[in-house]
Structure formats: structure tokens, C-alpha cells
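What follows is the residue order along each chain.
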Amino acid sequence: MCTQEALRDLDRAFAHFFRRLKEEQAGKKDKLGFPKFKTKKKGAGSFRLTGAIHVFERGIQLPRLGLLRLKEKGYLPTMGAHILSATVSEKGGRWFVSLQVEMELPDPVPQAKPVAGVDLGINRMAQVSDGTYFEHPRALKRNLTKLKRLQRMVSRRHKGSANRRKAVKQLLKAYARVRNIRRNALHQATSSLAKSKSAIVLEDLHVSGRMKNHHLAMAITDVGMYEFKRQLLYKGGWYGCQVLLADRFYPSTKRCSACGEIREIGLKERRYHCPVCGLTMDRDLNAAINLEQLFMKETTASSAESYACGEQCRWRLGVTMLEEAGTEHRSIMDRFE
């Protein structure tokens, strides 16, 4: 079964390669690359199965493998879903199974929920405009000493030895624990926001550009800003929450949420002080309020926004919603004022 899926993947890879080759010959610029074969040591560590797959309350029946007991119960759909395939993977010494299903989901019922602006940061994972916030667990920072020690153990073992394989397994378990802690915090935060808000405004952050600052790269990686946005996008389609992406050049941190004055603010300044109206508050909360005001002004006013400084500031507001849960998203409104 898994060998058949591997051959199908290989056939699909060659089909894409020859298609791109024809497009290149026709004058179209497209990324061209011959399919690369992977070894078992550096492979994905997973395989896909199709055929007769049945899910029970405490187990799952897979082709060729038979009935397998599940450690976690209630995750996999047992009724009302057509199972297409199952992917078995191994991470950190533990085995996981994920299902690709086809099922009909009812449209979410519109409810009167508040609108919120969310500012992502390093000190706090997410600051909401209503004053609530989500702390990020700093999984990488708190486990960095252990990871360094295990990495030294791996480098000191002879290549190909049994002791090196044992050290590699310990290192993979440590990395898997860091990844699970971070994902758990992200899922809790994004689910809470998608269920309790009707619209959420996020900044379209250039994460890869910010990571070029070597003083902040590890801290930004530990937060998981892109994963936060990705989860919020598809969960918004599930629970009827609009996810709006403000332009990355919108001065949410520099702008005063009370009078609209814009001033430069350094990374070390954790509180925003307005020299015009005297407003003093946390800089992340001020940025989140500005993002919420951006949505309100877009929905209530049709003219360009004029700040207290008298300058016409251009900004772009992209409303992003999922067409179907877990598939793709489309831009409904994308305009300049």
C-alpha cells in the first residue's frame, strides 16, 4: 500500500517537472527542478495509506497493519466523514496517524461578537485590544540548556555507533517536546480568539525579515508568529470569524490610539508616551487598539483617514476569509485610501 502511494508521488513529481519544462520552453518563468530522491535516513519519516480505513472509539484499522490502539481518543471522526487516506508518521519516538477526510460542514451562524485587534510580540505572544493577553511559554528558551547538552552528546559519539543513535533519539524527543509546548499554546490562543470574536485584525508581519536581526531571531522563532496567523486563518472559517490583515507599513506601534500622533519609539521602550495628549500605556496594548480602530474606520468612513499631524497616511486593509474550512483563502477587499 505505502509503496503504491510512493510511486504515485513519484509520478506526480515527474508530471510537474515536465510541465514546468514545457512552460520554460514557451517563455514562462517558473521554478524548475528535477525530482530529488530521498534516503531513509533523511526522509520524511512517514507513509500514506489508502483503502479500507475504519475508525473506532479506541482504535483505528489500517490496511496491512490491522487494528491499532489509539492513545488519544475523540480526535478522529468516527461518523459522517468519508475517509480518503491515512498518513502514519513518527516524531520524537512517538507514532501519529492523521486522516484526510471529506465531509460537509454547516455554515457558521452569525452572532453578535466584539471586534478585536491583536498585536503579536516577543514579551507576550498576543495582546488583544480589550486588555486580555496570551503569554507564550518560551519553550525554546527554557529548554535551551538541555538542548545544548544533548547536542554535545551527539557530536561526541562516533558516527554509526549505537550510542550515537541513542543520543540522537534523546535529542529528537527534546525538540519534539519544545514543539508540542509551543503548538499547544498557539492552538489555545487562536481557538479562544476565533470562538469569541466576530472579526480580528492582525498585522501582516514580515517575519523572515525580522529574523535577520540576530539579537531577536531566536526570540521571534520561539513565538511562532507565522503559525499563529496560519491557525487563525483556518479557524476563522470554522467559527465564522473574519481575519483581517493590516498592511505591514501601518504605524500601529508608533501611532497614539487617543489623538493619532505618530512618533518614533525604540525597542527598549515598553510603554508608549504621547507628547501631545499625554497618553501613557503599554506599547503592545496601544498597537492592538490601533488595529481595532483601523477596522472601525474602514467600516464606518469612506474618506481617507487624517491624523492629528495633518498628513495623509496611506494604509492598506486586506480582509482575508476562508472559502472552505482548511482549504484556501481569498481576499475580499484590498484597496488603498
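Residues numbered from 1 in each chain as written. Predicted model: local features only at pLDDT ≥ 70, side-chain atom pairs only at ≥ 80, totals over all residues. Heavy atoms only, no water.

### What to know about the sheet that holds strand β3 (residues 59-62)
Right, so step 1: Read from one edge to the other, the open sheet built from three strands follows the order β2-β3-β4, with strand pairing classed as antiparallel. A strand with exactly one partner marks an edge of an open sheet, and here the two such strands are β2 (54-55) and β4 (66-69).
Right, so step 2: In the sheet, β2 pairs with β3 via two bridges, with the strands oriented antiparallel. Counted as the bridge partner of Val55 is Ile60 from β3. (Pairing = 2+ DSSP bridges. Helix = DSSP H or I, 4+ residues; strand = E, 2+ residues; numbered from the N terminus.)

### Focus: the sheet that holds strand β6 (residues 94-102)
Right, so step 1: Read across the sheet, three strands follow the order β1-β5-β6 without closing on themselves; strand pairing throughout is antiparallel. Two strands lie at the open edges of the sheet, namely β1 (46-49) and β6, each paired on one side alone. Ignoring which end each strand starts from, the neighbouring axes of this sheet average 20° apart.
Right, so step 2: Relative to β6, strand β5 (residues 82-91) is paired through nine bridges, and the arrangement is antiparallel. Within β6, the residue paired with Val88 across the bridge is Val97. (Axes fitted to C-alpha atoms, helices over the stretch in contact; angles between N-to-C directions.)

### Regarding the packing of helix α4 (residues 162-196) against helix α7 (residues 225-239)
Right, so step 1: Their axes nearest at 9 Å, the elements α4 and α7 cross at an angle of 40°. As for the relative orientation of α4 and α7, their crossing is right-handed in sense. Contact with α4, carried on its side by Leu186, His187, Ala189, Thr190, Ser191, Leu193, Ala194 and Lys195, involves Glu227, Phe228, Gln231, Leu232, Tyr234, Lys235, Gly236 and Tyr239 of α7 and no other residues of that element. (Left-handed = near helix turned anticlockwise from the far one by under 90°. Contact = heavy atoms within 4.5 Å.)

### Observations regarding the packing of aromatic side chains
Right, so step 1: Under the criterion given, the structure shown has six aromatic pairs.
Right, so step 2: Ring centres of Phe14 and Phe18 lie 6.3 Å apart, and the angle between their planes is 25°; this geometry places the pair in the stacked category. Residue Phe14 and its partner Phe18 are both found in helix α1 (residues 2-25); the two are separated by four residues, about one turn of the helix.
Right, so step 3: Looking at Phe14, the relative accessible area reads 22%, which means it is partly exposed.
Right, so step 4: For Phe18, a relative accessible area of 43% corresponds to the partly exposed category.
Right, so step 5: Seen in terms of ring centroids, Tyr234 and Trp238 are 5.0 Å apart; in terms of plane orientation they differ by 70°. Their pairing is edge-to-face. With Tyr234 and Trp238 both in helix α7 and four residues apart, this pair spans about one turn of that helix. (Phe/Tyr/Trp six-rings, centres within 6.5 Å; stacked < 30°, edge-to-face > 60°. Buried < 20%, exposed > 50% of the residue type's maximum accessible area, 1.4 Å probe, protein only.)

### Considering the pairing of β4
Right, so step 1: In the sheet, β3 pairs with β4 via four bridges, with the strands oriented antiparallel. Residue pairing in the sheet places Leu62 in a bridge with Gly66 of β4.
Right, so step 2: The turn linking β3 back onto β4 is made up of three residues, and Arg64 within it adopts a positive phi angle of 70°.

Interpretation note: all reported values are geometric properties and have no functional meaning in isolation.
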